[in-house]
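So you can see what is in the structure, the chains are spelled out below.
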Protein chains: 2
Amino acid sequence: VRVGELGEFALIDRLTGPLERQGPGVPVGVGDDAAVLEGPGEELLLVTVDAQVETVHFLREAISPEQLGRRALAVNLSDLSAMGGRGVAALVSLVLPADAEVAWLERLYQGLREEASCWGVTIVGGNVTRAPQHAVIDVCALGRVGRDELLLRSGARPGDLVLVTGHLGEAAAGLRLLQRPELASPAREALLARLLTPMPRLREAAVIARSRRATAMIDLSDGLSSDLLHLCEASGVGVRLWTERLPVSEAVYEVARQSGEAALELALAGGEDYELCLTAPPKVAEALAKSVQGETGTPVTIVGEILPAAAGRTLVLPGDEEVALEARGWEHFGEPRR
Amino acid sequence: VRVGELGEFALIDRLTGPLERQGPGVPVGVGDDAAVLEGPGEELLLVTVDAQVETVHFLREAISPEQLGRRALAVNLSDLSAMGGRGVAALVSLVLPADAEVAWLERLYQGLREEASCWGVTIVGGNVTRAPQHAVIDVCALGRVGRDELLLRSGARPGDLVLVTGHLGEAAAGLRLLQRPELASPAREALLARLLTPMPRLREAAVIARSRRATAMIDLSDGLSSDLLHLCEASGVGVRLWTERLPVSEAVYEVARQSGEAALELALAGGEDYELCLTAPPKVAEALAKSVQGETGTPVTIVGEILPAAAGRTLVLPGDEEVALEARGWEHFGEPRR
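A brief structural summary.

Reading the values: the criteria
- Residue positions are given per chain, counted from 1 along the sequence in the order it is written.
- Written order determines the labels here, with chains lettered from A and ligands numbered from 1.
- Residues qualify for local features only when their pLDDT is at least 70, as the model is predicted, and side-chain atom pairs are given and counted only at 80 or more; totals for whole chains, interfaces and linings, by contrast, use all residues.
- No hydrogens and no water enter the side-chain calculation; it runs on all heavy atoms of the structure.
- Only DSSP runs of H or I covering at least 4 residues are called helices, and only runs of E covering at least 2 are called strands; the numbering of each starts at the N terminus.
- Both definitions apply: the radius of gyration is a C-alpha atom measure, and the globule rule equals 2.2 Å times residues to the power 0.38.
- The buried label applies to any residue whose accessible area, calculated with a 1.4 Å probe on protein chains only, is under 20% of its type's maximum; exposed applies above 50%, and partly exposed to all values in between.
- Throughout, a residue-residue contact means that at least one pair of heavy atoms, one from each residue, lies within 4.5 Å.
- Here the Shrake-Rupley method, with its probe set to 1.4 Å, supplies the accessible areas, and only the displayed protein chains count as covering residues.
- The positive count covers Lys and Arg only, the negative count covers Asp and Glu only, and His and the chain ends enter neither.
- To locate a charge, take atom NZ for lysine, CZ for arginine, CG for aspartate or CD for glutamate.
- Paired strands, as defined in this entry, are two strands with at least two bridges between them according to DSSP.
- Here an axis means a line fitted to C-alpha atoms, over the contact stretch when the element is a helix, while the angle between two N-to-C directions is reported on a 0 to 180 degree scale.
- Here is the rule for handedness: rotate from the far helix to the near one, and if that takes an anticlockwise turn smaller than a right angle the crossing is left-handed, while a clockwise turn gives right-handed.
- Amino acid classes used here: Ala, Val, Leu, Ile, Met, Phe, Trp, Tyr, Cys and Pro are nonpolar; Asp, Glu, Lys and Arg are charged; the rest, including Gly, are polar.
- Salt bridges are defined as contacts in which a side-chain nitrogen from Lys or Arg sits within 4 Å of a carboxyl oxygen from Asp or Glu.
- Here the quantity called buried area is the accessible surface, traced with a 1.4 Å probe, that two parts lose on coming together, added over both.
- Copies overlap after least-squares fitting; the atoms used are the C-alpha atoms of residues with pLDDT of at least 70 in both.
- Only buried residues count toward a nonpolar core, which is a set of Ala, Val, Leu, Ile, Met, Phe, Trp, Tyr and Cys residues joined through side-chain atoms within 4.5 Å.
- In protein, a polar contact requires one atom able to donate a hydrogen and another able to accept it; more generally it is a pair of N or O atoms within 3.5 Å, and residues adjacent in sequence count only if both atoms are side-chain atoms.
- Multiplying 1.5 Å by the residue count of a helix minus one yields the expected span of that helix.
- If the strands point away from the viewer and the path from the first strand over the helix to the second runs clockwise, then the crossover is right-handed.

### Some words on the overall build of chain A
Part 1: From N to C terminus, chain A includes 11 helices and 12 strands.
Part 2: Rg of the C-alpha trace for chain A: 19 Å, near the compact-globule value of 20 Å for 338 residues, within the 12% margin.
Part 3: Once the C-alpha set of chain A is aligned to its principal axes, its extents read approximately 55 × 55 × 50 Å.
Part 4: The burial tally for chain A puts 60% of its 338 residues in the buried class.
Part 5: Considering only contacts within chain A whose residues lie at least 6 apart along the sequence, 81% involve residues at least 24 apart.
Part 6: Just so you have it, chain A exposes about 12,300 Å², and 50% of that area is on carbon and sulfur atoms.
Part 7: Where the 32 positive side-chain charges of chain A centre and where its 48 negative ones centre are 3 Å apart.

Right under this line is the structure:
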């Protein structure tokens, strides 16, 4: 069996299945957005890795090296934010063909430094190695979270509401604009920025974590449908997602109209929005949403409800038809499942 | 300018030059074997990354997946040992072509788990992503060291003696045996094991760190000549290396005789031995060497002396001729400089 036949998530299950979920000095091991280790004082340490691979995640002609540097770090900081944490340090592992331009790499590092500087992160090390062909920028980010503020994927309980930050589908709409030059959008620059230089929701995560009202959280890297299912799986719960409530901007509808896709599809399956999806008890969800918006300016929308596992995981379509919620996001190795 | 023209170390200097050497919660940033962050209680946290790239570091036909998994983690643990630390956790970032065999990956993970288990390390996470062609196994290792036991490259002082653990050139001799099937050695299996599954010197590092007698330390990944120059550079000192004292085993002499190379060359420039090179004041060096050997069985040899920077960095050849010590180890992107 080859990994292309098995698919990314089945491969991860197969490889990490035999691993211990905890260990000495490791309160939370493999399986969440970041691992959790004992940290200094009253804090826990968070650590995560994510790679940007040439031709898979980026094309040199479609993203500037500064943008790529920012992005390579931002997607890792997004994982830290999903745990309720903040960034502290990062290591940068470069795998480079010998014909890579030094000037291009200096600009990549410039982007890494800018993004790090925005969030008080220090770039503390890394590695450089030769590649046969394509470049890989692999970043390891370390962060911290208060011991009482840690948020896992596994804390959602039936009755909780499901919330998302920001707007969904904008990165996917930006990708369509890049892929199909005939598409036009007055929001072109903003949509491209959402795709190329995602903003990790660290400020929003800090408000959410401090409130101690959220029960579970995950970041939206693969797409809401896929990532929400991961959260439900980890929590052992069902969910009902109300598609009419999904925060989808006019700009996404406009691109979807031109590309002949459903805007809903971009929002559910587009991936790379790097928004946060969280759960909170119904009594506090509204107030939590308001306080995040008040402190950060980022809207937070209630988009569904957590159900007992036996109730299944469903999507309520416009017109009230209820269908099974299926993972339709990006998957490495898998055929696109849309 | 392309990275192939600039060379690995010049590239690293160029990229990391603008980085802060310290930051909030980061006592020691870029530039040593591992970065140092604030850790739990009286300990500091260590973190390092190192990648194994197909065709550059390994050929699938020359190393079993179990060996590769062990090696990918061991070389990172070696970096932790160079700081006087021990391993706690590791993350595994895989970049894989879609035709990679799942069974091969399961065996790779088996090796990773075995190596982790040997050293009390928990594999806490990672990432899987698609590659256009060649596999990359990028490992991030986290460890800890007592605040008073941290060893940096920068602590060597004129008058200190230079010590190395184990024997040098054995991994290079193993590589020769792989490269040239006509070479024979009664120690073939042992030399191949030194190359394919290096033993991180964590036990030796623990004895050295606890003694508080060493002043600086580095691990030997590129080759003694290259790595010792890094240590001297970081410490701002000169050095005199006595080649006649270098611990070179009969097995290495035997392979060198057959391959037509100088055994000294394999010992100085071969790289991948993953031994430790340390410095200690002359009054305590001998006792330190004995206590490491007594507690771990690993010999420790005094091979040189640290000098003021103005005295230069030299190599005393057999017959007492003194020549400049030049970096002759493995360098990514660079032409082999031997």
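### Some details on the sheet that holds strand 2 (residues 43-53) of chain B
Residue and element names in this part refer to chain B.
Part 1: Judged by pairing direction, the sheet is mixed, and its five strands sit side by side in the order 1-2-5-3-4 without closing on themselves. The sheet is open, and its two borders are formed by strand 1 (35-38) and strand 4 (122-130), each paired with just one other strand. When the angles between neighbouring strand axes are averaged without regard to direction, this sheet yields 20°.
Part 2: Those strands touched by helix 3 (residues 65-82) are strand 2, strand 3 (86-96) and strand 5 (136-146), and its axis lies near 140° from that of strand 2.

### Considering the packing of helix 4 (residues 102-118) of chain A against helix 2 (residues 8-16) of chain B
Part 1: In contact at an axis separation of 9 Å, helix 4 of chain A and helix 2 of chain B are set at 35° when each is read in the N-to-C sense. For the crossing formed where helix 4 of chain A meets helix 2 of chain B, the hand is right-handed. Across the interface between the two elements, Val102(A), Leu105(A), Glu106(A) and Tyr109(A) of helix 4 of chain A pack against Leu11(B), Arg14(B), Leu15(B) and Thr16(B) of helix 2 of chain B.
Part 2: For the contact of helix 4 of chain A with helix 2 of chain B, a count of residues per class yields five nonpolar, one polar and two charged.

### Let's talk about the pattern of salt bridges
Residue and element names in this part refer to chain B.
Part 1: Inspection of every chain in the model, using the stated rule, returns 53 salt bridges over all chains.
Part 2: A salt bridge links Arg71 to Glu272; its shortest N-O distance comes to 2.3 Å. With Arg71 in helix 3 and Glu272 in the loop between helix 10 (263-269) and strand 9 (276-280), the pair connects residues that are 201 residues apart, well separated along the chain.
Part 3: We classify Arg71 as buried; its relative accessible area is 3%.
Part 4: Notably, a salt bridge pairs Arg240 with Glu322, separated by 2.9 Å at the nearest N-O pair.

### Side note on the interface of chain B and chain A
Part 1: In this assembly, 76 residues from chain B lie in contact with 76 residues from chain A.
Part 2: Summed over both sides, the interface of chain B with chain A buries roughly 5,900 Å², with 67% coming from carbon and sulfur.
Part 3: Taken together, the links from chain B to chain A amount to four salt bridges.
Part 4: Close ionic contact of Arg2(A) with Glu101(B) constitutes a salt bridge, the shortest N to O distance being 3.4 Å.

### Some points on the sheet that holds strand 10 (residues 300-307) of chain A
Residues and elements named next belong to chain A.
Part 1: Here we have seven strands laid out as an open sheet, ordered 7-9-6-10-8-11-12, and mixed in their pairing. If you trace the sheet from one side to the other, it starts and ends with strand 7 (216-219) and strand 12 (322-324), each paired once. Across the sheet, the axes of successive neighbouring strands diverge by a mean angle of 25°, strand direction being ignored.
Part 2: Sheet topology note: the strand 6 (residues 161-165)/strand 10 ladder contains five bridges and is antiparallel. Bridge pairing in strand 10 links Thr165 to Val300.

### As for the side chain of Glu54(A)
Part 1: The topology assignment puts Glu54(A) in the loop between strand 2 (43-53) and helix 3 (65-82).
Part 2: Residue classification places Glu54(A) among the buried positions, given a relative accessible area of 11%.
Part 3: Ignoring any residue separated from it by four or fewer positions in sequence, one finds Glu54(A) in contact with Arg60(A), His134(A), Ala135(A) and Pro132(B).

### Let's talk about the relation of the copies chain B and chain A
Part 1: After a rotation of 180° and a shift along the axis of 0.0 Å, chain B superposes on chain A with an RMSD of 0.0 Å. The transformation just described matches what one would write down for a two-fold rotation axis. Taking C-alpha positions as reference, the residue of chain B nearest the rotation axis is Pro40(B), located at 1.9 Å.
Part 2: Mapped onto chain A, 100% of the interface residues of chain B again fall at the interface, so both copies present the same surface.

### Details of the nonpolar core
Part 1: Leu94(A), Leu105(A), Leu112(A), Ile137(A), Leu224(A) and Leu228(A) are the most contacted members of the largest nonpolar core, which totals 80 residues.
Part 2: The dominant element in this core, judged by the number of residues it contributes, is helix 4 of chain A, at seven residues.
Part 3: Once you skip the residues sitting within four places of it in the chain, Leu94(A) turns out to touch Leu105(A), Leu108(A), Tyr109(A), Asn127(A), Val128(A), Thr129(A), Val136(A), Ile137(A) and Leu15(B).
Part 4: Counting 43 residues, the second-largest nonpolar core is a separate cluster that includes Leu11(A), Val28(B), Ile63(B) and Val139(B).

### So, the side chain of Thr165(A)
Residues and elements named next belong to chain A.
Part 1: Examined against the element boundaries, Thr165 turns out to sit in strand 6.
Part 2: Among the polar contacts made by the side chain of Thr165, one reaches the side chain of Glu275 at a distance of 2.5 Å.
Part 3: One polar contact links the side chain of Thr165 to the main-chain amide nitrogen of Leu276, over a distance of 2.9 Å.

### A word on the environment of Thr301(B)
Residues and elements named next belong to chain B.
Part 1: Relative to the elements of secondary structure, Thr301 occurs in strand 10 (residues 300-308).
Part 2: Spatially, the C-alpha atoms of Thr301 and Asp160 are 14 Å apart, while their sequence positions differ by 141 residues.
Part 3: For Thr301, the contacting residues outside a window of four places in its chain are Val162, Leu163, Val164, Arg245 and Pro247.

### Regarding helix 4 of chain A
Part 1: Here helix 4 of chain A is 17 residues long and its end C-alpha atoms lie 24 Å apart, about the 24 Å a rise of 1.5 Å per residue gives.
Part 2: Among all positions in helix 4 of chain A, only Val102(A), Trp104(A), Leu105(A), Leu108(A), Tyr109(A), Gly111(A), Leu112(A), Glu115(A) and Ala116(A) are buried.
Part 3: In the core, the buried residues of helix 4 of chain A are packed alongside helix 3, strand 3 (86-96), strand 4 (122-130) and strand 5 (136-146) of chain A together with helix 1 (3-6) and helix 2 of chain B.
Part 4: Two residues or fewer after helix 4 of chain A comes Gly120(A), characterised by a positive phi angle close to 70°.

### Thoughts on the pairing of strand 3 of chain A
Residues and elements named next belong to chain A.
Part 1: For strand 3, a buried count of 10 out of 11 residues is recorded, marking the element as mostly surrounded by other parts of the structure.
Part 2: Pairing of strand 3 with strand 5, which is carried by nine bridges, proceeds in the antiparallel orientation. Each bridged residue has a counterpart across the sheet, and for Gly87 the counterpart in strand 5 is Gly143.
Part 3: Bridging between strand 3 and strand 4 involves eight bridges; their strand directions are parallel. Residue pairing in the sheet places Leu91 in a bridge with Gly125 of strand 4.
Part 4: A crossover connection joins strand 3 to the parallel strand 4 through helix 4; in handedness this β-α-β unit is right-handed.

In short, the description is geometric, and any link to function would need to be established separately.
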